[in-house]
Amino acid sequence: MESSSTTPGGSARREATRQKLYEAAVTLIAEQGFSATTVDEIAERAGVAKGTVYYNFASKSVLFEELLRHGVGLLTASLRQAAETTAAEGGSRVDALDAMIRAGLVFIDRYPAFTQLYVAELWRTNRAWNSTLLVVRQQAVAVVEGVLHEGVAQGEFSEEIDVPLTAAALVGMVLVAALDWKSFQPGRSLDDVHAALSRLLQGRVSGRR
């Protein structure tokens, strides 16, 4: 998974190593689960020494917690960029939400293993990183909430809209629909899936135009 920022100087090498470890961890944990995945396996898959894992992360749990922060950070950045680009181009808040849906699909298409892990962890309650998961989830949802609040303020959306729940529902719609797409309808194109969700967003499920 790519970094959302560039680290200058000698730290760039460490960042590159952490990227390898993120990739190895997310792939292995998706394949066999967190408990069954060992630090030795992560190091081997990343092509580094076991000591390198512990140099960068205190434990496997810390590595996974940082992986969650990293991955959701990338998703949040992509959603924010989609909204900001739409605004700069003079689009409406509905256009911004639609662009964010597409950005979410692009992210999931690129990082399906991470998305699968993230969604699975949302349903667990006994993990050491639960509080971190709640924080990073809210960061992603907050970007959508911001667009909804702007839409209400500008009269594009009803004042009766439940902004927190609507934002969570939109993010959840993209996550679940995309996982269903990758798992059960892989023959469909990203454009096709985006068009279907776009119709839902714009209230045209019944076929009205």
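Residues numbered from 1 in each chain as written. Predicted model: local features only at pLDDT ≥ 70, side-chain atom pairs only at ≥ 80, totals over all residues. Heavy atoms only, no water.

So, on to the UniProt feature "domain: HTH tetR-type" (unreviewed entry) in the protein. Sites flagged by UniProt as "domain: HTH tetR-type" (unreviewed entry) map to residues 15-75. This span, residues 15-75, is 80% helix and 0% strand, and a straight line between its end C-alpha atoms measures 18 Å. (UniProt positions renumbered as here; feature names shortened; annotations may be inferred. Helix = DSSP H or I, 4+ residues; strand = E, 2+ residues; numbered from the N terminus.)

Right, let's get into the UniProt feature "DNA-binding region" (unreviewed entry) in the protein. In the numbering used here, UniProt assigns the "DNA-binding region" (unreviewed entry) feature to residues 38-57. With 75% helix and 0% strand, residues 38-57 has its two end C-alpha atoms placed 14 Å apart.

Membership of the largest hydrophobic core comes to 60 residues, with the highest contact counts inside it found for Met100, Leu105 and Phe114. The set of elements that each furnish at least two residues to this core consists of α1 (11-32), α2 (39-46), α4 (60-88), α5 (93-110), α6 (112-122), α7 (130-153), α8 (163-184) and α9 (190-201). Leaving out residues up to four positions away in the same chain, phenylalanine 114 has contacts with Met1, Val26, Leu67, Leu68, Gly71, Val72 and Phe107. (Core = buried A, V, L, I, M, F, W, Y, C linked by side-chain atoms within 4.5 Å. Buried < 20%, exposed > 50% of the residue type's maximum accessible area, 1.4 Å probe, protein only. Contact = heavy atoms within 4.5 Å.)

Axis separation between α5 and α9 bottoms out at 10 Å; the angle between their running directions is 145 degrees. Between α5 and α9 lies a crossing of right-handed hand. Across the interface between the two elements, Val94, Leu97, Asp98, Ile101, Arg102, Leu105, Val106 and Asp109 from α5 touch Leu190, Asp191, Val193, His194, Leu197, Ser198 and Leu201 from α9. The residue makeup of the contact of α5 with α9, split by class, is nine nonpolar, two polar and four charged. (Axes fitted to C-alpha atoms, helices over the stretch in contact; angles between N-to-C directions. Left-handed = near helix turned anticlockwise from the far one by under 90°. Nonpolar A, V, L, I, M, F, W, Y, C, P; charged D, E, K, R; others polar.)

This part takes up the packing of α4 against α6. Between two packed helices, the angle of one axis relative to the other and the distance separating the axes together describe the packing. Interhelical geometry of α4 versus α6 gives an angle of 110 degrees and a closest axis separation of 11 Å. The orientation of α4 relative to α6 falls into the category roughly perpendicular. Taken as a pair, α4 and α6 cross one another with a handedness that is left-handed. Between α4 and α6, the residues in contact are Phe64, Leu67, Leu68, Gly71 and Val72 and Phe114, Leu117, Tyr118 and Glu121, respectively. Classifying every residue of the contact of α4 with α6 by side-chain character gives seven nonpolar, one polar and one charged. (Parallel < 35°, antiparallel > 145°, perpendicular 65-115°, else oblique.)

Another aspect to go through is the pattern of salt bridges. Two side chains bearing opposite charge may form a pair once their charged atoms approach each other closely. One pass over the structure, following the stated rule, counts eight salt bridges. In this structure, glutamate 66 engages arginine 69 in a salt bridge whose closest nitrogen and oxygen atoms are separated by 3.7 Å. With a gap of three residues between them, glutamate 66 and arginine 69 both fall in helix α4, about one helical turn apart. The exposure class of glutamate 66 is partly exposed, given its relative accessible area of 24%. (Salt bridge = Lys/Arg side-chain N within 4 Å of Asp/Glu carboxyl O.)

Moving on, we get to the environment of leucine 122. One can find leucine 122 in helix α6. Using a relative accessible area of 34% as the deciding quantity, one classes leucine 122 as partly exposed. In the structure, leucine 122 is positioned 15 residues away from arginine 137 in sequence and 8.8 Å away in space, judged by C-alpha atoms.

Bringing the confidence of the model for the protein into the picture now. In this model, the protein carries a mean pLDDT of 89, and residues with pLDDT of at least 70 account for 93%. Every residue in residues 205-209 is under pLDDT 50, and counting partners more than four places away or in other chains gives four contacts. (pLDDT = per-residue confidence, 0-100.)

Applying the stated criterion across every chain yields a total of five aromatic pairs. Between phenylalanine 114 and tyrosine 118, the ring centres sit 6.2 Å apart and the planes meet at 10 degrees, which makes this aromatic pair stacked. Within this pair, phenylalanine 114 and its partner tyrosine 118 are both found in helix α6, separated by four residues, close to a single helical turn. Taking relative accessible area as the criterion, phenylalanine 114 reaches 4% and is therefore assigned buried. Among the aromatic residues, those joined into a ring-pair cluster are Phe107, Tyr111, Phe114 and Tyr118. When the ring centre of phenylalanine 34 is taken as origin, the NZ or CZ atom of lysine 60, which lies over that ring, is 4.4 Å away. Note that lysine 182 overlies the ring of tryptophan 181, its terminal NZ or CZ placed 4.7 Å from the centroid. (Phe/Tyr/Trp six-rings, centres within 6.5 Å; stacked < 30°, edge-to-face > 60°. Lys NZ or Arg CZ within 6 Å of the ring centre and 35° of its normal.)

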